[in-house]
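What the coordinates show
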Amino acid sequence: MTALTVNLDLVKKYNVPGPRYTSYPPATKFANTVEWPGLLEKIAANNQTGRGLSLYFHIPFCETLCWFCGCTTVITNNHGQARPYLDHLEKEMARMAKIIDAKREVVQLHWGGGSPTFLHPDEIRRLGETIRKYFRLSADIEAGVEIDPRRLTRDHIVALREIGFNRGSLGVQDFEPKVQESIHRNQPREMTQRVVDWARELGFGSLNFDLIYGLPHQTVESFGRTLDAVLEMQPDRLAVFSYAHVPWIKPAQKILEQKVLPPPEAKLQLLKTVIERLTENGRYVYIGMDHFAQPADELVLAQRNKTLQRNFQGYSTRGNADIFAFGMSAISQILDAYWQNEKELPSYFAALDNDQPPFARGYVLSDEDKIRRETIMRVMCDLSLDYAAMSQRLGIDFPQHFANELTALAPFEADGLVRRSPHSVEVTDIGRLFIRNIAMCFDNTLAPEGERRHSRTV
Ligand code: SF4
């Protein structure tokens with residue numbers, strides 16, 4: 001794919017609220033009517049597949065709140081909170097290890113948050129050892145961790161490498177001091193550079209940066225300077241998110257309303273700058289959904305080979321794995337069901353202390369949900385749908401089953417976002433920017449536009 005040129009009129013037209021499809025149906029559909037005994041039966045059946053395991057651990061703690069944050073966090077500078085949390089993670093692992101077939105191998109591990117690096121190095125080592133006590137890790141595991149460069153020491157990175165992490169994702173957001181001050185996140189460029197140097201020296205195979213556009217005081221010029229700095233550091237992957245202003249869910253974001261948030265037109269200009277600068281001269285490939293990767297990165301290769309997957313951690317090259325998630329608010333995903341843990345620390349602890357699962361709500365997929373999930377996953381990852389291949393994969397007559405949905409793609413074709421033939425649909429290069437909108441055509445759970453509580457699609 002060559003450099004992309006972004007048409008702002010199209011962006012305005014398609015910028016509506018919509019799911020991010022880290023799951024289908026989205027987590028907004030999970031219900032507390034689903035019961036744990038029913039899920040236990042699903043997990044027992046899932047064990048028969050022998051599929052690989054993807055383990056997720058949610059570490060909710062952060063010392064300070066970044067005012068743009070949309071994550072489920074516990075803000076504290078009391079590091080004494082980590083120990084009881086690790087004790088409860090161990091209780092949860094002990095419970096689940098009795099339920100999950102011990103022969104199943106862990107092919108993917110992810111620690112997210114909050115800030116996993118809130119843990120001291122010895123606590124990182126302890127959690128790593130506990131995971132190995134209960135689960136069997138594959139020799140070529142893909143193990144990724146979210147890293148907050150602030151307050152980080154080299155020993156944190158040493159500890160993460162010791163326990164097997166080979167991928168790091170650094171929260172960066174923006175390098176401009178004025179922007180950092182306005183979002184309550186002071187992180188000088190040198191600090192990020194130092195962590196990048198440590199990670200590379202200690203053998204992290206892949207580094208990702210998270211950036212956000214649409215923050216206070218950002219201009220095309222100022223964000224251009226951030227992109228210059230990022231391009232010099234050459235992360236293997238980049239996730240460049242649009243700031244989602246949802247103060248009705250995250251009240252702390254109201255603070256940002258007192259700052260100078262870029263107006264919608266300026267935000268779109270920022271998006272255009274991001275995509276055009278990163279894809280210029282083939283430096284990065286735009287995978288879709290805010291994600292970019294260097295041309296030789298395995299995400300790009302997996303997309304080309306149609307083996308790319310998408311799950312709660314974003315894009316992944318490890319397919320055929322079921323996600324078992326641990327910790328407050330963590331979401332698990334097996335073939336037939338999703339479930340989420342208690343979202344508050346006291347209720348998460350209380351369930352485990354009473355020898356109960358910390359389960360809060362879930363979703364059991366119907367056959368139709370599975371057909372739509374696979375279709376949405378394939379269009380988002382492969383950027384195409386081959387009708388014969390999809391018919392075979394899903395055991396249906398694909399063009400007949402989705403006759404209405406495929407017809408609904410006509411306006412997308414007229415705008416140059418997809419190409420349709422009697423045998424397939426292909427997303428064009430510029431259509432990648434609107435992949436959520438294209439996926440939404442195959443979603444039969446969407447609320448009317450005015451009632452959606454999702455972020456905007458572009
Ligand atoms: S470090 Fe990350 S999770 Fe913690 S408050 Fe900041 S953005 Fe949110």
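Residues numbered from 1 in each chain as written. Predicted model: local features only at pLDDT ≥ 70, side-chain atom pairs only at ≥ 80, totals over all residues. Heavy atoms only, no water.

As summarised here, the arrangement of the three strands in space is 17-19-18, forming an open sheet in which the pairing is antiparallel. Two strands bound the open sheet, and with one partner strand each, they are strand 17 (384–386) and strand 18 (418–420). Across this sheet, the average inter-strand angle for adjacent strands is 15 degrees, counted without regard to direction. Pairing between strand 18 and strand 19 (residues 424–427): three bridges, direction antiparallel. Across the sheet, residue Val418 finds its bridge partner in strand 19, namely Val427. Taken strand by strand, helix 13 (residues 367–382) contacts strand 17 and strand 19, and its axis lies near 125 degrees from that of strand 17. Here helix 14 (residues 387–394) sits on the sheet and contacts strand 17 and strand 19; the angle it forms with strand 17, its principal contact strand, is near 75 degrees. (Pairing = 2+ DSSP bridges. Helix = DSSP H or I, 4+ residues; strand = E, 2+ residues; numbered from the N terminus. Axes fitted to C-alpha atoms, helices over the stretch in contact; angles between N-to-C directions. Contact = heavy atoms within 4.5 Å.)

Looking now at the packing of helix 8 (residues 220–233) against helix 10 (residues 264–279). Viewed as axis vectors pointing N to C, helix 8 and helix 10 meet at an angle of 30 degrees, and their least axial separation amounts to 10 Å. Accordingly, the angle class assigned to the pair helix 8 and helix 10 is roughly parallel. Considering how the two elements wind past one another, helix 8 and helix 10 form a crossing that is right-handed. Side by side, helix 8 and helix 10 meet where Val220, Phe223, Gly224, Leu227, Asp228 and Leu231 of the first sit next to Gln269, Leu270, Thr273, Val274, Arg277 and Leu278 of the second. (Parallel < 35°, antiparallel > 145°, perpendicular 65-115°, else oblique. Left-handed = near helix turned anticlockwise from the far one by under 90°.)

A word on the site of the ligand. Taken together, the residues surrounding the ligand are Cys62, Thr64, Leu65, Cys66, Phe68, Cys69, Thr73, Gly114, Ser115, Asp148, Arg150 and Arg185. A breakdown of the residues in the shell around the ligand according to their chemical character gives five nonpolar, four polar and three charged. (Near = heavy atom within 4 Å. Nonpolar A, V, L, I, M, F, W, Y, C, P; charged D, E, K, R; others polar.)

A separate point is the pattern of salt bridges. Summed over the entire model, instances satisfying the criterion amount to 33 salt bridges. Here Lys272 makes a salt bridge to Glu276, at a shortest N to O gap of 3.0 Å. In this pair, Lys272 and Glu276 are both assigned in helix 10, four residues apart and thus about one turn of the helix distant. The shortest N-O distance in the salt bridge between Glu368 and Arg372 comes to 2.7 Å. With Glu368 and Arg372 both in helix 13 and four residues apart, the pair spans about one turn of that helix. We classify Glu368 as partly exposed; its relative accessible area is 25%. Classification of Arg372 by relative accessible area gives buried; the value is 7%. Salt bridges linked by common partners bring Asp122, Arg125, Asp155 and Glu162 together as one network. (Salt bridge = Lys/Arg side-chain N within 4 Å of Asp/Glu carboxyl O. Buried < 20%, exposed > 50% of the residue type's maximum accessible area, 1.4 Å probe, protein only.)

Here we take up helix 8. Because each turn of an α-helix spans 3.6 residues, side chains separated by three or four positions end up pointing in the same direction. Here helix 8 contains 14 residues, and its C-alpha end-to-end distance of 20 Å stays within 8% of the 20 Å for a straight helix at 1.5 Å per residue. Taken together, the buried positions of helix 8 are Ser222, Phe223, Gly224, Thr226, Leu227, Ala229, Val230, Leu231 and Met233. For helix 8, the elements touching its buried residues are strand 6 (167–173), helix 7 (189–201), strand 7 (206–213), strand 8 (237–242) and helix 10. Phi turns positive, to about 50 degrees, at Gln234, one or two residues after helix 8. (Expected span 1.5 Å × (residues − 1).)

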